[in-house]
Every structure is written in structure tokens, then in C-alpha cells.
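Here is how the chains run, residue by residue.
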Amino acid sequence: MAEIDNLTLLEESPNKTPETQIDGNLLIAQSLFRAGVRVMFGVVGIPVTSLANRAVSLGIRFIAFHNEQSAGYAASAYGYLTGSPGILLTVSGPGCVHGLAGLSNSTINCWPMVMISGSCDQKDVGKGDFQELDQIQAVKPFVKYSIKVTEIKHIPGDVKTVLSSCVFSRPGACYLDVPTDVLHQTVTESVANELLTVSDQNQILEETLANLEVGKAASVLRNAKRPLIVFGKGAAFARAEDSLKRLVDRTGIPFLPTPMGKGLLPDTHELAATAARSLAIGQCDVAVVVGARLNWLLHFGEPPKWSEDVKFILIDVSKEEVELRKPCVGLVGDAKRVLDRINLEIKDDPFCLGRRHPWIQAIMKKAKENVSRMEVQLSKDVVPFNFLTPMRIIRDAILAQGSPAPILVSEGANTMDVGRAVLVQTEPRTRLDAGTWGTMGVGLGYCIAAAVASPDRLVVAVEGDSGFGFSAMEVETLVRYQLSVVVIVFNNGGVYGGDRRNPEEIGGPYKDDPAPTSFVPGAAYHTLIEAFGGKGYLVGTPEELKSALAESFFARKPTVINVTIDPYAGSESGRMQHKN
């Protein structure tokens, strides 16, 4: 980088036409564009408005939100859906703080994202400048890497570093801090071009597969009596669906997706063990875990949910994750590439359980029993609505869309949990929900990201009224950009459903206040989008819901369907109580 450090801006001679000056705003925009960035999310203001405008002028689409939290959730989901870093732009101080929600969500879910924030003038640090904050320290717990640009000549290199770092090894969030004075600094166009060219030539971080114990993994799998394949959103991010399909087809091993792994292989596949989850994880003797962590979602891989002597074959891009879990076999690398190596190993010495294998018979039998039991409940038209009746109608409407399948966004307690059991995913990366952290408030940001990332797909959000409330104002953003999003709100009057207190919990000087779980009964959420020119529906019967879904799915215009739910239909825990 010595050639960059030695670059100087020479004074123009009187007889020479002065070169065009490039400021920090434009140079950042050029650096992002040259790196392949085509979409940014954010909220503009001092000092980054010009940066957003410059980016748009170069061909980067800027999606402007009402708050940085939702914009950050959008950037994180965009990174997951596209495989390229999602970009969030914020102002300094409180704008950066609001953006921490997106950064943390991105890192915990292992999705690539970069937040770019303006910051105060470097010479005024410590003086109490407008929105002054040590933003590098503020973001530190939530990012893989962060850097402050101290001079305009460092912009191309620093931009490339954060973009590369957020996708290298385990994906996550990175942060770029750009002081106001750097945004206003200038270089000549020729110097800017040289800076960009040098940055383009810098080596990009690349992963190499370690010397994997593929043979041992194949041997353990071949000798298993009750094997199981578990995969998660890490496998989805790696685009491993074809490799997974080859492994399942070749070996006949049943599979269990985590919630956002659903769709990598169709939920309708005969070897899908989702409806027999407890049996599958409780009795398997070998589990291949692909792009999923043995965290709370998978009961930490520990008894009593898992067998005492289960052997784990763990495939993860993070060496640290593999070492932490101490599996029987640990394979570090990109899920697709590792699976391809395993498939190649098995191809030379094939084995297949077959449909009459006792383990396959047990899984299929239990799944069929549980699906039949659930379908009995789903077949009933319950009015006032419980959660199952409208969820069945929504499921059928989504499946009727065929391919490309709609992207489903789901958040809420009962709403999301019931949806995980009822709604069907048939294509990869078509489910976005609260994720590893169980984050509420992601809904509208995810919807916007999905609609921008996949404009050929309808986006359908199934939201609890509490989850919807976190980001409801972003329905204006849906209308402003005319995005193909239908938001379905399960309105049961509160968190879990209105006033759920026991008599002994009602007392004190504020006993007449609404319960902590209560919202305004019968809230007209559908009218919110109508205020901005979108379409709203209020429904309370199967016929009304079917009609609203048919019209809105056909129109593919910004819509809110307000579904009235019995306030006592849900459970406080929000966890499905069905045994499987």
C-alpha cells in the first residue's frame, strides 16, 4: 500500500484545466459499486445524505426506511438471501445505536452485513460535538471487524476490507465509520481512479478446505443403524440444496431441517422427519449436522432430547464452532463443498437404507400419525378464529401459487410457532423468521429485503400483532416502493392475547391500567396501510380470509390483512405443545 500512502494532490498549473474533484461521499459510493453493491438500506441525514444520493446516481438502489432498526434487519436478511453483504447506512450517534439491532441480528444469524455510519469531525472528538459517540467501541460486541476511515485515500481499501471480512469464514456483520471531515475531503479524479485500481488488485480473502476426515465421516454414517441429517440456514446460505438432495437420495437417510432450513428439501419429501422430530432426534445414533449449531434450537445436542450415545458429524464453516462442540467427526468448510466431498466418498462405496429399513419405517409411521392428527385439527373451521384455521387457509393459498414459491416472513409467539408446524416450504430460502435470537420486530424489514432481493416472488408475512407493531410504520415504505408484499396480522389484542392475568395478579394503585400484555381491542391495523394508498382488509371468517388472500395474491400490491383472532386462543409460552 506504499504507493497509496505516497499519493499527493499536486497543485494545478495556471495553463492546465483543473481536474474534477472527487469527495469522500462519491469515493465511497464508487468503491461500493465497483465491489458489486447494488442495494443499500438506511435512514439519511447529517452527514450521510450526499453519500446516499451519490450511490443512487451510480446505479445503487437506496431503500429509505423510517428507522434504522428495521433498515438493519433488512440489510441482514438481504445478505442471507443474496449471499452478498447487505449494506446499512446510518447517521452518527443515535443512528448508529439504532443500527446495532441489525448488526447483532446479522452476526448471531451468521449473515453478511456492513453498517456504514457517519461520525463527527475528527478534530472535534471529545468536545461534545453534534451526535458525538465512540462508535467503534459501541459496535464492538456485535461485529466481526470494524474500522474508522481516517483519510479519504483509505476509503477504497477500507471498503473492500469490510466487504470481504463479513463473508469470510463464518459470515457476520462488519462496521465502517466515516467521519464528517473525511466525507468532505477531496482528491482529483485521477487519484481516485488510482486508489480504486490499487484496491481492486488487493487479494480477497479466500477459504480453503482443510484436510477433512471425509472417509471417517462416511464410515460412521455407513455403519449407523439410525442415522439422521439435520440442516440449517448455514446450509441454505451455502446454496447446499442440490448436494443435500444427492446425499439423501443416495443414502435414504431421513432429514430434519431447522426452521429456516425448511425448503432446502421440500417439507413434502417422504424422508422429511419434521413431523416426527422428537423420535428422530431422540433415537438417532448418528446425526450429520450441516450448517446448524447445536444451540437451544437443537437442545444443545444433549440428553434428554438426544440419546446419550449419539455420534455427531458436524459440518460448519467455523473451526471454533466445531472445536466447541467436540463432535465425533468435525468437518470445517463451506457446507456445499464438504457435502460434495462426502457424496464423492459414498459414491465409490454406496449404501442406501431403503424404504423397508426399520428406522425409515419408524420415522415415516410417526410422521404420518402426527400429520394426520394435525390435519384433523386443521380441517375444522373454528370461528372466532383460533390459530389453526386461518393458518391452514394461508398455507393452502401459498401452496396454490406454485413456483416460484412466495417468500414467507414469520414472527410472533404463537403465530410463528404454529406457522412452523403448519406452513409448508418447498423451495430454498423461502422462510425468514425470528431466527437464532428469537428477535421480534424483524418482520417488515425482512419483507422489504425479500421483495428487493427476489422481485419475481411474492412476499407473504404472517405476523402476530405484537411483532407487527415493532415495525408497522414501514408499511409506508412498502407503498412508496410498490413492493409485492402481503402482510397478514393475527390480531388477538396483545402479547399472547390480551389480559391473561390471574386474579391474584390484579392489584395495586394501577390495577385499572391495561394488562402488560394488552393492546387496544379490535385495533384496525388494516387502515394503517390505507392511509398511504395501500390496500387493507379486515377478516374474521374463512370466506373473508380466502377472498382477501385471493385478491391480494393476484394483485401483488402492498397489502395488510387484519385477521381477528380469539384473544384466548393462544398460549403464554408461545411454544407449540404438540407432541411429535
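Residues numbered from 1 in each chain as written. Predicted model: local features only at pLDDT ≥ 70, side-chain atom pairs only at ≥ 80, totals over all residues. Heavy atoms only, no water.

## Here's the deal with the sheet that holds strand S19 (residues 559-564)
Working step 1: Pairing is parallel across the open sheet formed by six strands, whose spatial order is S15-S14-S16-S17-S19-S18. The open sheet has two free edges, formed respectively by strand S15 (431-432) and strand S18 (535-539), since each of these has just one partner strand. (Pairing = 2+ DSSP bridges. Helix = DSSP H or I, 4+ residues; strand = E, 2+ residues; numbered from the N terminus.)

## Topic: the domain arrangement of the protein chain
Working step 1: Segmenting the protein chain into domains produces domain 1 (21-201), domain 2 (213-364) and domain 3 (380-501 + 512-579).
Working step 2: Relative to domain 3, the C-alpha centre of domain 2 lies at a distance of 31 Å.
Working step 3: Of the roughly 1,400 Å² buried between domain 2 and domain 3, counting both surfaces, carbon and sulfur atoms make up 54%.
Working step 4: Our count for the contact surface shared by domain 2 and domain 3 stands at one salt bridge.
Working step 5: A salt bridge links Glu241 to Arg429, with the shortest nitrogen-to-oxygen separation between them at 2.8 Å.
Working step 6: For the pair domain 2 and domain 3, the number of links is six residue pairs in polar contact (both at pLDDT 80 or more).
Working step 7: Here the residues of the side of domain 2 that touches domain 3 are counted per class, giving seven nonpolar, three polar and six charged. (Domains from an automatic or database assignment. Buried area = accessible area lost by both parts, 1.4 Å probe. Salt bridge = Lys/Arg side-chain N within 4 Å of Asp/Glu carboxyl O. Polar contact = N/O pair within 3.5 Å; in protein donor to acceptor, adjacent residues only side chain to side chain. Nonpolar A, V, L, I, M, F, W, Y, C, P; charged D, E, K, R; others polar.)

## Some thoughts on the environment of Asn414
Working step 1: Among the structural elements, Asn414 can be located in helix H18 (residues 414-422).
Working step 2: Expressed as a C-alpha distance, the spacing of Asn414 and Gly570, which sit 156 residues apart in the sequence, is 6.1 Å.

## Focus: the pairing of strand S11 (residues 286-290)
Working step 1: Within S11, five of the five residues are buried, leaving the element largely enclosed by the surrounding structure.
Working step 2: Neither face of S11 is left uncovered, since the one carrying Val286, Val288 and Val290 and the one carrying Ala287 and Val289 both have all their residues buried.
Working step 3: Sheet topology note: the strand S9 (residues 227-231)/S11 ladder contains five bridges and is parallel. Across the sheet, Phe231 pairs through a bridge with Val290, a residue of S11. (Buried < 20%, exposed > 50% of the residue type's maximum accessible area, 1.4 Å probe, protein only.)

## Description of the nonpolar core
Working step 1: Grouped together as the largest cluster of nonpolar side chains are 111 residues, with contacts concentrated most on Phe41, Ile229, Phe231, Val290, Leu331, Leu432 and Val487.
Working step 2: Leave out the neighbours within four places in its chain, and Phe231 touches Leu244, Phe255, Leu256, Pro257, Thr258, Gly261, Leu264, Leu265, Val290 and Ala292. (Core = buried A, V, L, I, M, F, W, Y, C linked by side-chain atoms within 4.5 Å. Contact = heavy atoms within 4.5 Å.)

## Brief notes about the state of the cysteines
Working step 1: In this structure the tally under the stated criterion is zero disulfides.
Working step 2: Cysteine Cys120 remains unbridged, with the sulfur of Cys96 as its closest cysteine sulfur at 12 Å. (Disulfide = S-S within 2.5 Å.)

## Examining the sheet that holds strand S10 (residues 255-257)
Adjacent strands of a sheet pair through backbone hydrogen bonds, lying either parallel or antiparallel.
Working step 1: Spatially, five strands are ordered S10-S9-S11-S12-S13 in an open sheet, and the strand pairing comes out parallel. Every other strand in the sheet has two partners, leaving S10 and strand S13 (329-332) as the edge strands with one partner each. Going across the sheet, the axis of each strand differs from the next one's by a mean of 15°, ignoring polarity.
Working step 2: Most of the contacts of helix H15 (residues 335-348) go to strand S12 (residues 311-316), to which it runs at about 130°, and overall it touches S11, S12 and S13. (Axes fitted to C-alpha atoms, helices over the stretch in contact; angles between N-to-C directions.)

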